[in-house]
Amino acid sequence: MKVFLKDLLRFIAFFLGVMLVLIVGTTFLARNLINFEIPAHKTILIVGDSRPESGLNDEILENTFNFSQSGTAYFYSYVKIRTMLEHNPHIDTIVLGFAYEDIAMPRDEWFRGPETIKFKMPKYLPLFGLQDLAALFQANPSEVTKNIHRTIVYNSAAILKFVISGQGSDHWGGYQYLERNKLEQAKDRLPSTIDEADLQPSQYQQKYLLEIYHLAQSRDVDLILLKTPIHEMKQAIENIYIDRFYSLVEEKMPEATIIDHSRVAIPDEGFGDLEHL
């Protein structure tokens, strides 16, 4: 029995050692192999969630580079911006997809929620510093521990794509043309009001929004908070968040520019739902 237990412990130790080597090794390769440089004429970096991802075509806006990805918390936008500024000193403007709803408490699930950690954390690990991983671990240690091995698959896919095509940064974002049409279903699901609990300020979204702001300030880069068009039925809900959080953004980010296109008139056929073009 003792021999069996010793063999079992050796096997577990060997297995964990191999996993650790693969996690560290593939993360190192993905971080150092993949080319994050963009053409010199692309001086405007677009980041954010699915709204700028589907709303801003960087093939039409020729001096922009869209690095947005759906379901992306400001934490992940922050590590992407930091990475891109390190590799592209010619970037002089950051356009960040923004809505006041994004800094309310429910959006913190985009940082610490089990599903987000499962699918986002392993993919973005090559862009992390130790502080970033520690912050995520502190917020949800069990989910980070349970899912960190998944980065081996994500890293390998990014590395393979780079080896085959010379591309790889699109693993973390890019313009996506939206083909869905779920506007009518979205209208039916739209709430008439917001619970007070959901109007409390977020912890993590606000923290990393301010980190983005301070990073832009330290690099002398202009930061634009862009509100993309939303359907007029969604505007009443957005107004509730504006009333709650407008002064907070104005006070803590005085040098940021807010461009509000949320009220731009667009026919129903221009929307995939209430907030995506």
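Computed from a prediction, not measured in an experiment: that's the story for all the values here.

Asks: Could you clarify how one ought to interpret the nonpolar core in this entry?
Replies: Most often, soluble globular proteins keep nonpolar side chains buried together rather than apart. Among the nonpolar cores identified, the biggest contains 59 residues, and Phe128, Leu136, Leu223, Leu225 and Met253 are the most heavily contacted of them. Aside from chain neighbours lying at most four places away, what touches leucine 223 is Ile94, Leu96, Ile212, Tyr213, Ala216, Met253, Ala256 and Thr257.

Asks: Mind showing me how you'd approach the packing of helix H3 (residues 74–87) against helix H11 (residues 204–218) here?
Replies: The description of two packed helices rests on the angle between their axes and on the distance between the axes. At their nearest, the axes of H3 and H11 sit 8 Å apart, and the two run at 20° to each other. The orientation of H3 with respect to H11, classified from their angle, is roughly parallel. H3 and H11 meet at a crossing whose hand is left-handed. Counting all contacts with H3, which are made through Tyr74, Phe75, Ser77, Tyr78, Ile81, Arg82 and Leu85, the residues of H11 involved are Gln205, Tyr208, Leu209, Glu211, Ile212 and Leu215. When its residues are assigned to classes, the contact of H3 with H11 shows 9 nonpolar, 2 polar and 2 charged.

Asks: Just checking my understanding: could you explain H3 for this structure?
Replies: Each full turn of the α-helix corresponds to 3.6 residues, which orients residues three or four apart in the same direction. Over its 14 residues, H3 extends 20 Å from the first C-alpha to the last, a length consistent with the 20 Å expected when each residue adds 1.5 Å. Counted residue by residue, H3 has 12 buried out of 14 residues, so it is predominantly covered. Among all positions in H3, only Tyr74, Phe75, Tyr76, Ser77, Tyr78, Val79, Lys80, Ile81, Arg82, Thr83, Met84 and Leu85 are buried.

Cut-off values and rules
- Residues numbered from 1 in each chain as written.
- Predicted model: local features only at pLDDT ≥ 70, side-chain atom pairs only at ≥ 80, totals over all residues.
- Heavy atoms only, no water.
- Core = buried A, V, L, I, M, F, W, Y, C linked by side-chain atoms within 4.5 Å.
- Buried < 20%, exposed > 50% of the residue type's maximum accessible area, 1.4 Å probe, protein only.
- Contact = heavy atoms within 4.5 Å.
- Axes fitted to C-alpha atoms, helices over the stretch in contact; angles between N-to-C directions.
- Helix = DSSP H or I, 4+ residues; strand = E, 2+ residues; numbered from the N terminus.
- Parallel < 35°, antiparallel > 145°, perpendicular 65-115°, else oblique.
- Left-handed = near helix turned anticlockwise from the far one by under 90°.
- Nonpolar A, V, L, I, M, F, W, Y, C, P; charged D, E, K, R; others polar.
- Expected span 1.5 Å × (residues − 1).

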